[in-house]
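Each chain, written out:
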Protein chains: 2
Amino acid sequence: MYELFFEEFNKKVPLTAEEQEQIKHYLTPKKLRRKQYLLQEGDVCKFIAFVEKGALRAYSVDENFTENIIQFALEGWTISDLYSFLTGEPAVYNIDALEDSELVLISKSAHEEMLQTIPKYETYTRLNITGAYLAMQRRITTIISSTAEERYQDFINLYPHIAQRVPQHMIASYIGLTPETLSRIRKKLSSGR
Amino acid sequence: MYELFFEEFNKKVPLTAEEQEQIKHYLTPKKLRRKQYLLQEGDVCKFIAFVEKGALRAYSVDENFTENIIQFALEGWTISDLYSFLTGEPAVYNIDALEDSELVLISKSAHEEMLQTIPKYETYTRLNITGAYLAMQRRITTIISSTAEERYQDFINLYPHIAQRVPQHMIASYIGLTPETLSRIRKKLSSGR
DNA sequence: CAAATCTCTTGATTTAAATCAACGGGTTTT
DNA sequence: AAAACCCGTTGATTTAAATCAAGAGATTTG
């Protein structure tokens, strides 16, 4: 249990066996069926979820019932409405499972206690958030300065594994396009380039 | 010296007088004239800069010599090409001063040594990057799901002080518009709403 | 297994924003 | 103080992407 979680943790900050045991006590496993919610808009986000298996997404829904995909999380990734988690404000995102999934949950109290008592957990947290920040900065740069076609290419290069598992219209949303536009871009790319 | 830096630090993580002294040894002051570069694309970013006074921007320049503004930093904010700083890769951004500015620089070695030896510095770093991450997520959400007009309104609400000090065409770039489009949006907003 | 729901595609049309171009007022710069 | 540059505005035109609409396979669900 928690194999992948600790594999990823050790990649960032190597742990002794004892430290690993200590951290285990703060973790909670959770299984989620496809289409089940982990979090709904308006609820307070009470955990950070690490994906051991499966795939999730975070998204908002606007006035016209259009879904805006904010984030995907496959195996080895972490997902949460971090703003809600940190501030206690109601979540602005929904998070649900795109496939049957297995998660490792870190509750708010577990998170805070580990930050206070396990220095390596703070380092782990810092490295995680730093990585997420850099990925997001890249995403903004791409969105602001690239055409639709370039954005799609960039996405495919960066996340080929996501492209294979996730419906196309969600990818369209993630890169800020309508499904129709993405369909046409793909057609163009596949045919005469 | 370093008044604002420590004011902001203490807001996030309260320091004793001794800790403050200890940290001071790792800091370097730097003055920058308007239009001077702090960092040029291609150089390795060797510091994190905290703005005591003045205003800076980070931006890239594309094939058509168009500037893409990635970030503004006024008093109390931090600016850097974090990817370059952390990995040692050449910077993809330029950073220069929009006004005569006074900075506090933290070199890479100072940063790493403080992370190792001063737990409160790691906490400070974690909180900083977390805040930057949340701000960036908000920015992405706005860009992906809002019209040009909404993006501008959002910017004005969030950063009224930047809007007052920075040329309009840079704000246009920051929110992903051409200067002409922003000019027209402003006209529309100021007249008949 | 039939119905319902998803998902992607294609076509026609509209629309928001970019592009191209020119101008006038400011502000540096020399 | 003249020249050069920077900045915002406005107009005409183009273009990329959105919207509206319909249909055809897949897949899920009852």
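Fair warning: this is a prediction, and the values are worked out from it, not measured in the lab.

Within the largest apolar cluster, 52 residues are counted, with the highest numbers of intra-cluster contacts made by Leu38(A), Leu56(A), Leu103(A), Leu38(B), Leu56(B) and Leu103(B). Residues Ala55(A), Phe155(A), Ile162(A) and Ile171(A) belong to the second largest nonpolar core, which totals 21 residues.

The subject of this paragraph is the interface of chain A and chain B. Taken together, the 28 residues of chain A in the interface contact 28 residues of chain B. For the pairing of chain A and chain B, the buried interface totals around 2,800 Å² over both sides, and the portion due to carbon and sulfur atoms is 72%. For the chain A face of the interface with chain B, the top three residues by lost area are Arg126(A), Tyr133(A) and Ile144(A), together amounting to 23%. For the pair chain A and chain B, the number of links is 2 salt bridges. With a shortest N-O distance of 2.5 Å, Glu122(A) and Arg126(B) are connected by a salt bridge. Inspection of the region where chain A meets chain B yields 8 residue pairs in polar contact (both at pLDDT 80 or more). Listing elements by their share of the side of chain A that touches chain B, those giving two or more residues are β5 (67-74), α3 (82-87), α5 (119-145) and α8 (168-174) of chain A.

Residue and element names in this part refer to chain A. According to the stated counting rule, one finds 22 salt bridges over all chains in the structure shown. The shortest N-O distance in the salt bridge between Glu21 and Lys24 comes to 3.6 Å. One end of the pair is Glu21 and the other is Lys24, both in helix α2 (residues 17-24) and 3 residues apart, which spans about a single turn. By relative accessible area, Lys24 is classed as partly exposed at 28%. The salt bridge partner of Arg57 is Glu67, with a shortest N-O separation of 2.8 Å. One end of the pair, Arg57, is in strand β4 (residues 55-61); the other, Glu67, is in strand β5, with 10 residues separating them in the sequence. A network of salt bridges, in which partner residues are shared, links Arg57, Glu67 and Asp96.

The immediate surroundings of DNA strand D are formed by 16 residues, with Ala148(A), Thr181(A), Gln168(B), Ser183(B) and Arg184(B) found nearest. Protein-proximal atoms of DNA strand D, defined as those within 4 Å of the protein, fall in sugar or phosphate at a share of 63%. His169(B) has a polar side-chain atom sitting 3.0 Å from a phosphate oxygen of DNA strand D. Elements supplying a minimum of two residues to the surface near DNA strand D: α9 (179-190) of chain A together with α8 (168-174) and α9 (179-190) of chain B.

Okay, the relation of the copies chain A and chain B next. Put simply, the two copies of the chain differ by a rotation about an axis and a shift along that axis. For the match of chain A to chain B, the screw axis carries a shift of 0.0 Å, the RMSD comes to 0.0 Å, and the turn is 180°. As the rotation angle and translation indicate, the two copies are arranged about a two-fold axis.

On to the sheet that holds strand β6 (residues 78-79) of chain B, then. All names here are of chain B. Reading across the sheet, the 4 strands line up as β1-β8-β3-β6 and stay open at both edges, with antiparallel pairing between neighbours. The outermost strands of the open sheet, each flanked by one partner alone, are β1 (27-32) and β6. Examined bridge by bridge, strand β3 (residues 47-53) and β6 share 2 bridges and lie antiparallel to one another. The residue bridging Phe50 from the neighbouring strand is Thr78, located in β6. Across the sheet, helix α4 (residues 108-117) touches β3 and β8 (101-107), and the angle it forms with β8 is around 60°.

With that settled, the discussion passes to the domain arrangement of chain A. Residues and elements named next belong to chain A. Once the domains are mapped, chain A shows domain 1 (3-145) and domain 2 (146-193). Distance from the C-alpha centre of domain 1 to the C-alpha centre of domain 2: 25 Å. Across the contact, 20 residues belong to domain 1 and 16 residues belong to domain 2. Together, the buried faces of domain 1 and domain 2 total about 1,500 Å²; carbon and sulfur atoms form 58% of this surface. In terms of surface lost to domain 2, no three residues of domain 1 exceed Phe72, Leu74 and Thr142, which account for 37% of the buried area on that side. Connecting domain 1 to domain 2 are 3 salt bridges. Note that Asp154 and Arg138 form a salt bridge whose closest N and O atoms lie 3.3 Å from each other. For the interface between domain 1 and domain 2, the tally reads 9 residue pairs in polar contact (both at pLDDT 80 or more). Elements with a minimum of two residues in the side of domain 1 that touches domain 2: β4, β5 and α5.

Moving on, we come to the protein's contact with DNA strand C. Every one of the 15 residues lining DNA strand C counts as a neighbour, but Gln168(A), Ser183(A), Arg184(A), Ala148(B) and Thr181(B) are closest to it. Of all the elements in the fold, those that place two or more residues in the surface near DNA strand C are α8 and α9 of chain A together with α9 of chain B. Here the surface near DNA strand C takes 4 residues from α9(A), the largest share from any one element. Residue classes in the surface near DNA strand C are distributed as 3 nonpolar, 7 polar and 5 charged.

Residue and element names in this part refer to chain B. In terms of burial, β3 is largely enclosed, as 6 of its 7 residues are buried. Here β3 pairs with β8 via 6 bridges, running antiparallel. Within β8, the position partnered with Phe47 by the bridge is Ser107.

This part covers the sheet that holds strand β7 (residues 94-97) of chain B. Residues and elements named next belong to chain B. Sheet architecture is open: 4 strands sit in the order β2-β7-β4-β5, paired in antiparallel fashion. With partners counted over all chains shown, the strands left at the sheet margins are β2 (37-39) and β5 (67-74), one partner each. Looking at each pair of strands side by side, their axes are set apart by 30° on average, direction ignored.

Before going further, it helps to examine the packing of aromatic side chains. One pass over the structure, following the stated rule, counts 18 aromatic pairs over all chains. Between Phe5(B) and Phe6(B) the ring centres are 5.1 Å apart and the planes differ by 85°, which places this aromatic pair in the edge-to-face class. Grouping residues by exposure puts Phe5(B) and Phe6(B) together as buried. An aromatic cluster is defined as three or more aromatic residues linked by ring pairs; in this entry it consists of Phe5(A), Phe6(A), Phe9(A), Phe50(A), Tyr121(A) and Tyr124(A). The ring of Tyr174(A) has Arg139(A) lying over it, and the distance from NZ or CZ to the ring centre is 3.6 Å. Stacked on the ring of Tyr59(B), the Lys or Arg Arg57(B) has its end atom at 3.8 Å from the ring centre.

Thresholds applied
- Residues numbered from 1 in each chain as written.
- Chains lettered and ligands numbered in written order.
- Predicted model: local features only at pLDDT ≥ 70, side-chain atom pairs only at ≥ 80, totals over all residues.
- Heavy atoms only, no water.
- Core = buried A, V, L, I, M, F, W, Y, C linked by side-chain atoms within 4.5 Å.
- Buried < 20%, exposed > 50% of the residue type's maximum accessible area, 1.4 Å probe, protein only.
- Contact = heavy atoms within 4.5 Å.
- Buried area = accessible area lost by both parts, 1.4 Å probe.
- Salt bridge = Lys/Arg side-chain N within 4 Å of Asp/Glu carboxyl O.
- Polar contact = N/O pair within 3.5 Å; in protein donor to acceptor, adjacent residues only side chain to side chain.
- Helix = DSSP H or I, 4+ residues; strand = E, 2+ residues; numbered from the N terminus.
- Near = heavy atom within 4 Å.
- Least-squares fit on C-alpha atoms with pLDDT ≥ 70 in both.
- Pairing = 2+ DSSP bridges.
- Axes fitted to C-alpha atoms, helices over the stretch in contact; angles between N-to-C directions.
- Domains from an automatic or database assignment.
- Nonpolar A, V, L, I, M, F, W, Y, C, P; charged D, E, K, R; others polar.
- Phe/Tyr/Trp six-rings, centres within 6.5 Å; stacked < 30°, edge-to-face > 60°.
- Lys NZ or Arg CZ within 6 Å of the ring centre and 35° of its normal.

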